[in-house]
Amino acid sequence: MLTPLKREEFDKYIDFIYALALDPARSGYPTYTDGVKTRADFVERSLRAFERENEDILLYEREGRAAGWIHYYYLPEDKYLDTCSFCIAEGMGDAIGEFIDFARERFRGYELYLGFPGENTEAIKALEAGGFTCIERDFNDVFDMDRYEPRQPDPDVVPVTRENFDLFRTLHAQDEGMYWNSDRLLTDMDEWRLLMYMPHGVPAGALQARKDSVMGEIFALFFATAYDAGVYRALVTAALNGAKADGSGAMTFFNESESQADALAMGFRCVGEYVCHRVSL
């Protein structure tokens, strides 16, 4: 059974829930097993649910006792629904089913995104059994910046500006199904580091990374044609140099299988596999 968590109940359950957040087999994404995010981060992020109109935490009870919680948020203007934490001690499949039923009733017409670690086989099997679309299966990699010394940049890597944005759009538009599509990026460029690899003035690849003083993230890397290790390394190096200049403590990047070997060779460490499903409500 799912019921809204009251603020006065928070302290009663937080230790139990955070222990689940550290178990990839019983939690969802974003993960707190990456060695970067802390208990204080989890508590602070969870408490925001009581301050924001577009967030809530649902306590999951099983046989009359607490078995976990689901912290969700939604963007009405985009019909977008996602979770901040999905921590279930037992009955993960049932909890997913109940949450989807709840979401279909309250958020009809939205797109729900549910990401889980590869170790959470119960969650993934439940979503597969429901026939939901798996839109992403990647490796969650983290680069620790504390000992990183900026590397020599490739001169063919250039920043994306409003003046050359249309060239960036030609590559980025290959995946306009993502939430951060070209139009949203153009209106929010100050929050992003957008780069292109431009040998002879022709775009061969592009990268989009979120700036953050604690933990930056490379959201996507695109190629004009097939995967190219040289383009990958040049763009990622530029993103890491930028993150170091920002003072970021870490950089995260969800790599596909074709780029995973290059990511590890560059110094990323693998936290685990990330599997995301989309549910049309």
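The written sequence of each chain sets the order in which its residues are numbered from 1. Local features in this predicted model are restricted to residues of pLDDT 70 or higher, and side-chain atom pairs are both shown and tallied only at a pLDDT of 80 or more, whereas totals for entire chains, interfaces and linings draw on every residue. As a rule here, side-chain values come from all non-hydrogen atoms in the structure, and water together with hydrogens is ignored.

Draft legend 1. Spotlight on the overall build of the chain. Strands are runs of DSSP state E lasting at least 2 residues, helices are runs of H or I lasting at least 4, and numbering of each runs from the N terminus. Helices and strands together make up the secondary structure of the chain, namely 8 helices and 12 strands. For the radius of gyration, the atoms used are the C-alpha atoms, and the globule rule reads 2.2 Å times the number of residues raised to 0.38. Relative to a compact globule of 281 residues, whose C-alpha radius of gyration would be 19 Å, the chain shows 20 Å and is just as compact. Principal-axis analysis of the C-alpha atoms places the extent of the chain at approximately 65 × 40 × 35 Å. Whether a residue is buried, partly exposed or exposed follows from its accessible area with a 1.4 Å probe, protein chains only, as a fraction of its type maximum: under 20%, in between, or over 50%, in that order. Considering the chain as a whole, with its 281 residues, one finds that 49% of them fall into the buried category. The long-range fraction of contacts in the chain, counting pairs at least 24 apart against all pairs at least 6 apart in sequence, stands at 67%. All accessible-area figures derive from a Shrake-Rupley calculation using a 1.4 Å probe, and residue coverage is judged against the displayed protein chains alone. A total of about 13200 Å² of accessible surface is found on the chain, and carbon and sulfur atoms cover 48% of it. Computed over 29 positive and 50 negative side-chain charges, the inter-centroid distance for the chain is 3 Å. Contacts were defined at the residue level, with two residues in contact if any of their heavy atoms lie within 4.5 Å. The positive count covers Lys and Arg only, the negative count covers Asp and Glu only, and His and the chain ends enter neither. Where a charge lies is defined by one atom per residue type, namely NZ (Lys), CZ (Arg), CG (Asp) and CD (Glu).

Draft legend 2. Just the packing of helix H7 (residues 229-246) against helix H8 (residues 257-266), in detail. One can describe the packing of H7 onto H8 by two numbers: an axis separation of 11 Å at closest approach and a directional angle of 45 degrees. Compared by their axis directions, H7 and H8 come out oblique. Handedness of the crossing formed by H7 with H8: right-handed. Counting all contacts with H7, which are made through Ala229, Tyr232, Arg233, Val236 and Thr237, the residues of H8 involved are Ser259, Asp262, Ala263, Ala265 and Met266. Partitioning the contact of H7 with H8 into residue classes produces 6 nonpolar, 2 polar and 2 charged. Angles here are taken between N-to-C directions and fall from 0 to 180 degrees, while the axes themselves are lines fitted to C-alpha atoms, restricted in helices to the stretch in contact. Orientation labels follow simple angle bins: below 35 degrees gives roughly parallel, above 145 gives roughly antiparallel, 65 to 115 gives roughly perpendicular, and whatever is left gives oblique. By convention the crossing between two helices is left-handed if the near helix lies anticlockwise of the far one by an angle smaller than a right angle, and right-handed if it lies clockwise. Throughout this entry, Asp, Glu, Lys and Arg are counted as charged residues, while Ala, Val, Leu, Ile, Met, Phe, Trp, Tyr, Cys and Pro are counted as nonpolar. The remaining residues, Gly among them, count as polar.

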